[in-house]
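Letter by letter, the chains look like this.
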Amino acid sequence: MAVFLTKNAKAEMRRRRRKKEMAETAKNGVNGHDEDEAKTTQQSHANAVDSRQPSSSSLGKKRSADQISSNGQCNQDEGGDSHNGGSNKVAKLDKHRSLMIIVPSELTSKESKKFRKDERRKARAQGISDDKITFVSKNRSINANNNSDTRKTNKNSTDPENEEHTENNNNINKPKKSFPRINDLLNQHAQQQQQLQLRKHRLSNSTSSNIPSALKQKYIAIDCEMVGIGPTSTKSALARASAVDYDGNILLDTFVRVPERVTDFRTSVSGVRPKDISVKNVNAMDPEEVRNKIGKLLLGKILVGHALKNDLDALMITHPRGDMRDTARYKPFMRATGRSGGKLRPRKLRDLVWEELGKRIQVEGESHSSVDDARASMELFRCVRERWEKELEGKGGGGRRRKTAKKKESIK
């Protein structure tokens, strides 16, 4: 019949066994202890001789802590008191029965931990307490109670190898150079970028004043806010529409009544509340009325905006592709994916406005405004209007046809 013992019972049994062993060692006295030590040294010599001739089956296997300790004792006995042979392990007993053990330097952290554990267990069996055990690794002494006496003995040692190690440690422990904080560098860089973009913005405003009014009337920027409809709220419906001119003046800004049941108002993003698009709101317009008004405004005009496909889908209207200036699809405003470049991806309007204009829009915790987004996209376009229009003139207006015609003539 199997007997199961609790943890407390097992601990009590170990305590009694340890007490009994200590009593036996005390009876035997110092002579008995010396005989045991001689036996252990002889056994370690035999183990060392066996370990020098490893069999083919033992190659490449991990060594246990007992094998490591036995090899260390053999190497220490052969080396004597010389500096070259005494680097693995030393076990000495002084008048106060203190034990100093040198940990082999070739051990890993896990093996050295196991080595110390086994040596403490052996020392307890011999009647030596943990506070009398000192582990030394080259020039570093690790005491169980972190006594300052062991540190002093290491500093006063005349071993040349230890002196070299202490000099290296002194060089390692030199004060580190002070480096600026990463947050300070980021803030400084952000301020420099903001000042640079503000200069660009001022320059663009100064150049826009020289543009004739007839040219300004060609450009109109729009932006829309949507709400979620349907069982999963993934489908979007128009809830607010805004349009501004080249200078940012509001041409149209109205809420739109949603004929279907709204399942997600997206107030935190769109800023649309239930009362804004309710049937009782007199200021709100029907979708058809908004569609007709914006269609009249865009007739023969150049449409400016960010991600215009979403706005046009919500309005259910179309516009000629050659008369669209989408800042999300403008290549200088896009970012390449991957370290070595790749496909260009559109960026958020918020990030572009901050980098190019030094302004903050769509702040977290605040609802979006379609008027602010339309003005921001127009300001972005004004910064690059001349370059953008020149690029389009080189591509369109028969530019490609002329190139192909020249190629055909050269072939003929």
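Here's what I pulled together on the structure shown here.

Thresholds, definitions, all that
- Starting from 1, residues in each chain are numbered consecutively following that chain's sequence as written.
- pLDDT decides what is reported in this predicted model: residues at 70 or higher carry local features, side-chain atom pairs at 80 or more are listed and counted, and totals for whole chains, interfaces and linings draw on all residues regardless.
- Hydrogen atoms and water are omitted, and side-chain values are computed over all heavy atoms in the structure.
- Here, patches come from residues exposed beyond 30% relative accessible area and free of salt bridges, joined within 9 Å for like charges and within 5 Å for nonpolar side chains (Val, Leu, Ile, Met, Phe, Trp, Tyr).
- Surface accessibility follows the Shrake-Rupley procedure with a 1.4 Å probe radius. Residue values consider only the protein chains on display as shielding.
- When a carboxyl oxygen of Asp or Glu lies within 4 Å of a side-chain nitrogen of Lys or Arg, that pair is called a salt bridge.
- Numbered from the N terminus, helices here are DSSP runs of H or I no shorter than four residues, and strands are runs of E no shorter than two.
- Side-chain rings of Phe, Tyr and Trp, where Trp is taken by its six-membered ring, are said to pair if the distance between their centres is within 6.5 Å; with planes under 30 degrees apart they count as stacked, over 60 as edge-to-face, and otherwise as tilted.
- Here, a charge over a ring is recorded when the distance from Lys NZ or Arg CZ to the ring centre is within 6 Å and its angle to the ring normal is within 35 degrees.
- By definition, two strands form a pair when at least two bridges between them are found by DSSP.
- Among buried residues, the Ala, Val, Leu, Ile, Met, Phe, Trp, Tyr and Cys ones that are joined through side-chain atoms within 4.5 Å form a nonpolar core.
- With a 1.4 Å probe rolled over the protein chains alone, any residue whose accessible area is under 20% of its type maximum counts as buried; one over 50% counts as exposed, and the rest are partly exposed.
- Two residues form a contact once any of their heavy atoms are found within 4.5 Å.
- Axes here mean lines fitted to C-alpha atoms, for a helix over just the part in contact, with angles spanning 0 to 180 degrees between N-to-C directions.
- The scheme is simple: roughly parallel for angles under 35 degrees, roughly antiparallel for over 145, roughly perpendicular for 65 to 115, oblique for anything else.
- Each residue gets one label: Ala, Val, Leu, Ile, Met, Phe, Trp, Tyr, Cys and Pro are nonpolar, Asp, Glu, Lys and Arg are charged, and the others, such as Gly, are polar.
- If you view the pair so one helix is near and one far, a crossing is left-handed when the near helix is turned anticlockwise from the far one by less than a right angle, and right-handed when it is turned clockwise.
- For this analysis, a polar contact is any N or O atom pair within 3.5 Å, provided that within protein one partner can donate a hydrogen and the other can accept it, and provided that sequence-adjacent residues contribute only side-chain to side-chain pairs.

**Focus: a nonpolar patch on the surface**
Together, Val3, Leu5 and Met13 make up a nonpolar patch on the protein surface, roughly 290 Å² of accessible area in all. With respect to the helices and strands, the residue Met13 is situated in helix H1 (residues 7-52).

**Here we look at the packing of aromatic side chains**
Taken as a whole and assessed by the stated rule, the structure comprises 5 aromatic pairs. Three or more aromatic residues joined by ring pairs make a cluster, and in this case those are Tyr219, Tyr246, Tyr330, Phe333, Phe381 and Trp388. The ring of Trp354 carries the charged tip of Arg360 above its face, separated from the ring centre by 3.7 Å. We note Arg382 situated over the ring of Tyr246; from NZ or CZ to the ring centre the distance is 5.7 Å.

**Quick word on the pairing of strand E7 (residues 250-255)**
Bridge analysis of strand E6 (residues 235-244) against E7 gives 5 bridges, and the strand direction is antiparallel. For Ser242, the partnering residue across the bridge sits in E7 and is Asp253. Hairpin connection, E6 to E7: the antiparallel pair is bridged by 5 residues, and Gly248 has positive phi, about 95 degrees.

**Here's the deal with the nonpolar core**
Grouped burial of nonpolar side chains is what soluble globular proteins tend to show. In this structure, Tyr219, Val353, Met378, Leu380 and Phe381 are the most contacted members of the largest nonpolar core, which totals 21 residues. At the level of secondary structure, the elements contributing two or more residues to this core comprise strand E5 (219-229), strand E9 (302-305), helix H11 (349-357) and helix H12 (370-383). Considering each element in turn, this core owes the most residues, 5 residues, to H12. Apart from residues no more than four positions distant in its own chain, Met378 is found in contact with Tyr219, Ile220, Ala221, Val244, Asp245, Tyr246 and Val304. Residues Leu252, Val256, Ile294 and Leu303 belong to the second largest nonpolar core, which totals 19 residues.

**Here we look at unusual backbone geometry**
The phi torsion at Arg266 lies on the positive side, around 55 degrees, for a residue other than glycine. With respect to the secondary-structure elements, Arg266 resides in the loop between strand E8 (262-264) and helix H8 (267-270).

**Some details on the packing of H12 against helix H13 (residues 385-395)**
Interhelical geometry of H12 versus H13 gives an angle of 70 degrees and a closest axis separation of 5 Å. Relative to H13, the element H12 lies roughly perpendicular. Across from Phe381, Arg382 and Cys383 in H12, the residues of H13 making contact are Arg385, Trp388 and Glu389. Taken together, the residues that form the contact of H12 with H13 break down as 3 nonpolar, no polar and 3 charged.

**Describing the packing of H11 against H12**
Interhelical geometry of H11 versus H12 gives an angle of 45 degrees and a closest axis separation of 10 Å. Our classification of the angle between H11 and H12 gives oblique. Note on packing geometry: the crossing formed by H11 with H12 is left-handed. Within the contact between the two elements, H11 uses Leu349, Leu352, Val353, Glu356 and Leu357 and H12 uses Asp373, Ala376, Ser377, Glu379, Leu380 and Cys383. Each residue belonging to the contact of H11 with H12 can be placed in one class, and the counts come to 7 nonpolar, 1 polar and 3 charged.

**Considerations on the pattern of salt bridges**
The tally for this structure, following the rule as stated, stands at 13 salt bridges. Among the salt bridges present, the one from Asp351 reaches Arg350, with a minimum N-O distance of 3.9 Å. On the basis of relative accessible area, Arg350 is assigned to the partly exposed category, the value being 27%. Salt bridges sharing common partners tie together Glu12, Arg15 and Arg16.

**Comments concerning the side chain of Arg325**
As for its placement among the helices and strands, Arg325 is situated in strand E10 (residues 324-326). In this structure Arg325 comes out as buried when scored by relative accessible area, which is 5%. In terms of polar contacts, Arg325 uses its side chain to reach the backbone carbonyl oxygen of Gly322, at 2.9 Å. Apart from the residues within four sequence positions on either side, Arg325 is in contact with Ile302, Leu303, Val304, Gly305, Leu308, Phe381, Trp388, Glu389 and Leu392.

**As for the environment of Arg257**
Mapped onto the elements of the fold, Arg257 is located in the loop between E7 and E8. Using a relative accessible area of 19% as the deciding quantity, one classes Arg257 as buried. Linking Arg257 and Lys275, residues 18 residues apart in sequence, is a C-alpha distance of 10.0 Å. Once you skip the residues sitting within four places of it in the chain, Arg257 turns out to touch Ile277, Ser278, Val279, Asn281, Val282, Ala284, Met285, Asp286 and Pro287. Only 2.9 Å separates the side chain of Arg257 from the side chain of Asp286, close enough to count as a polar contact.

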